Amino acid sequence: MDIEARPPQTTQQYVLEQLRRAILTGQLAPGSAIRQDALAEQLGVSRVPIREALKILEGEGQVIYRPRRGYMVAELALEDFLEVYRIRQILEEEAVRSAIERITDEDIQRLQDAHADVVAAGQAGEIIAMAAANRRFHFTLIDAAGMPRLRRFLSILWDASDVYRSLYYSEESNRDRVEREHQGIIDAVRARDTEDLIRRLGEHRAGTVATFREFMATQDSRER
């Protein structure tokens, strides 16, 4: 696992950040075992902050614990992935219907700023930074709805599929597509056009689903 220089933060925060980075970039792939002893040695920490970080990730659905096997990076079957995205669709449509009535010029500027960060990170091939900016982009819109419980549910759903986000962002064509689609989303928000916004968000999610379908089909063919 590649390790970044340690910034000034608590040991647990440092370990959690490194694990998130490894999962998001695919260094710790879905289904792979997490060896706590080896990880502690790599990061230069005891096993205590490793266990604490893994419990946080387990609560987010990014890792799972198997008796006698330990922790491993969570996997999603195609059916699970489709369920996550279907529920996201339902909740996000509800959120944007409320958001479009409440959104301010300041919110739109935050959308534009997050989009600029997505573009810059994508052009640099920085998957971690792109994923963070992308999440900030979408949750700026969700937050504008003023529905904190709905936001918490959506955050859980986003966490559940984070392990596969690197699949989408690793392709330059997908990074370009994100840039185009985000600008279309911003245009719909500026126009306060709810139905156009819902349509554009649906197309945006569909691109990720299509990539995951292709990935699963490739995995199945390799296993035969």
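Everything numeric here is computed off the predicted structure, so don't read it as measured data.

> Sorry, what's going on with helix α7 (residues 148-161) here?
The periodicity of an α-helix, 3.6 residues per turn, causes residues three or four positions apart to be oriented the same way. Taking 1.5 Å of rise per residue, the 14 residues of α7 would be expected to cover 20 Å, and the 20 Å separating its terminal C-alpha atoms lies within 8% of that figure. Residues of α7 that are buried in the fold lie against α3 (47-60), α4 (78-102), α6 (127-143) and α8 (165-169).

> Before we go on, may I ask you to explain the packing of aromatic side chains in this structure?
The geometry of two aromatic rings is summed up by the distance between their centres and the angle between their planes. Evaluation of the coordinates by the stated rule reveals five aromatic pairs. Relative to tryptophan 158, the ring of phenylalanine 139 has its centre 5.4 Å away and its plane inclined at 70°; by these criteria the two rings are edge-to-face. Of this pair, phenylalanine 139 sits in helix α6 while tryptophan 158 sits in helix α7, and the two are 19 residues apart along the sequence. Judged on exposure class, the residue phenylalanine 139 and its partner tryptophan 158 are both buried. The side chain of arginine 88 reaches across the aromatic face of tyrosine 85, ending 4.6 Å from its centre.

> Would you mind going over the pairing of strand β2 (residues 70-73) with me for this structure?
Each regular strand carries side chains that alternate between the two faces of the sheet. Both strand β1 (residues 63-66) and β2 contribute to a ladder of four bridges, which runs antiparallel. Of the residues in β2, the one forming a bridge with valine 63 is valine 73. Linking β1 back to β2 in an antiparallel pair, the connection comprises three residues, with arginine 68 at a positive phi of about 70°.

> Would you take a moment to explain the nonpolar core for this structure?
If you look at soluble globular proteins, the nonpolar side chains tend to sit buried side by side. Ranked by internal contacts, the top residues of the largest apolar core, which has 55 residues, are Val15, Leu19, Ile50, Leu141, Val189 and Leu197. Once residues lying within four places of it in the same chain are set aside, the contact partners of isoleucine 50 are Val15, Gln36, Leu39, Ala40, Leu43 and Val45. Ranked by size, the runner-up nonpolar core spans ten residues in total, among them Val118, Ala131, Ala133 and Val178.

> Can you help me understand the environment of glycine 184 in this one?
With respect to the helices and strands, glycine 184 occurs in helix α9 (residues 172-190). In the structure, glycine 184 is positioned 32 residues away from arginine 152 in sequence and 26 Å away in space, judged by C-alpha atoms.

> For this particular structure, what's the right way to read the packing of helix α5 (residues 105-124) against α6?
When two helices pack together, their arrangement is given by the angle between the helix axes and by the axis-to-axis distance. Orientation of α5 relative to α6, taken along the N-to-C sense of each, is 160°, at an axis distance of 8 Å. When the axes of α5 and α6 are compared, the pair comes out roughly antiparallel. Here α5 runs over α6; the crossing is left-handed. On the side of α5, the interface is formed by Asp107, Arg110, Leu111, Asp113, Ala114, His115, Asp117, Val118, Ala121 and Gly122, while α6 contributes Ala129, Met130, Ala133, Asn134, Arg136, Phe137, Thr140 and Leu141. Residues that form the contact of α5 with α6 fall into these classes: nine nonpolar, four polar and five charged.

Conventions used here
Residues numbered from 1 in each chain as written. Predicted model: local features only at pLDDT ≥ 70, side-chain atom pairs only at ≥ 80, totals over all residues. Heavy atoms only, no water. Helix = DSSP H or I, 4+ residues; strand = E, 2+ residues; numbered from the N terminus. Expected span 1.5 Å × (residues − 1). Contact = heavy atoms within 4.5 Å. Phe/Tyr/Trp six-rings, centres within 6.5 Å; stacked < 30°, edge-to-face > 60°. Buried < 20%, exposed > 50% of the residue type's maximum accessible area, 1.4 Å probe, protein only. Lys NZ or Arg CZ within 6 Å of the ring centre and 35° of its normal. Pairing = 2+ DSSP bridges. Core = buried A, V, L, I, M, F, W, Y, C linked by side-chain atoms within 4.5 Å. Axes fitted to C-alpha atoms, helices over the stretch in contact; angles between N-to-C directions. Parallel < 35°, antiparallel > 145°, perpendicular 65-115°, else oblique. Left-handed = near helix turned anticlockwise from the far one by under 90°. Nonpolar A, V, L, I, M, F, W, Y, C, P; charged D, E, K, R; others polar.

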